[in-house]
Amino acid sequence: GLPVVPAKSFVRGGVEVRVVGVSAPERLGLQPPGTAWSDPVAAVAQLPLPADALVVVLAHGLSSRVPALAAIPGVDVVVDTHAWEGVWGPMLEGRAGVVRTPTAGSSLLELRLWVEGGVVTAARQRTAPLDASVPEDPFLGALAPGRRAD
């Protein structure tokens, strides 16, 4: 499996993007052996979140906690990865943008963010069917080599 790290950082368009993932306690079976559950909001709040980075929190099974995650200083975007039915556009929760992923990996969600002065000023999203017709993105492929399953 992939190593457990507090956050994954990369630079896109001259902006540092820091991605953090948290999940509900009943999702522990998806975690590596020895992983202990702690409150996801407290866990994100105690991470060093650089003010000049775009901080994205992936929240799995935590829909009721999304507002609290979005309220953490330094969090810019929360991706609610619950299996949502229908189409949801980007929303604002306080200062942070919130997006919801489509049902059960049925579609690829592309989120484009415009950032000025360290603040998300606009967000657009689109979905595409998730199948072999979607070309592999070299950047994403480099993050998880050998993980594509056609």
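Since the structure is predicted, the reported quantities are computational estimates derived from the model, not experimental observations.

Let's talk about the overall build of the protein
Helices and strands together make up the secondary structure of the protein, namely three helices and eight strands. Along the chain direction, N to C, the helices and strands of the protein fall in the order β-β-α-β-α-β-β-β-β-β-α. Across the 150 residues in the protein, those meeting the buried criterion constitute 25%. Taking as baseline every contact in the protein between residues at least 6 positions apart, the subset at least 24 positions apart corresponds to 37%. Per element, the accessible surface of the protein, about 9,300 Å² overall, is 59% carbon and sulfur.

Observations regarding the side chain of Asp80
Structurally, the position occupied by Asp80 is in strand E4 (residues 77–84). Within polar-contact distance, the side chain of Asp80 engages the side chain of Ser63 at 3.0 Å. When neighbours within four sequence positions are excluded, Asp80 is seen to be in contact with Ala59, Ser63, Val66, Val99, Arg100 and Thr101.

Quick word on the pattern of salt bridges
Considering all chains together, one arrives at two salt bridges under this definition. The shortest N-O distance in the salt bridge between Glu16 and Arg18 comes to 3.1 Å. Residue classification places Arg18 among the buried positions, given a relative accessible area of 18%. Where Asp39 meets Arg65, a salt bridge forms, and the shortest distance between an N and an O atom there is 3.0 Å. Pair noted here: Asp39 is in the loop between strand E2 (15–23) and helix H1 (40–45) and Arg65 is in the loop between strand E3 (54–60) and helix H2 (66–70), with a separation of 26 residues, a long-range link. The exposure class assigned to Asp39 is partly exposed, which follows from its relative accessible area of 26%.

About the criteria used
- Residues numbered from 1 in each chain as written.
- Predicted model: local features only at pLDDT ≥ 70, side-chain atom pairs only at ≥ 80, totals over all residues.
- Heavy atoms only, no water.
- Helix = DSSP H or I, 4+ residues; strand = E, 2+ residues; numbered from the N terminus.
- Buried < 20%, exposed > 50% of the residue type's maximum accessible area, 1.4 Å probe, protein only.
- Contact = heavy atoms within 4.5 Å.
- Areas by Shrake-Rupley, 256 points an atom, 1.4 Å probe, with all protein chains shown as cover.
- Polar contact = N/O pair within 3.5 Å; in protein donor to acceptor, adjacent residues only side chain to side chain.
- Salt bridge = Lys/Arg side-chain N within 4 Å of Asp/Glu carboxyl O.

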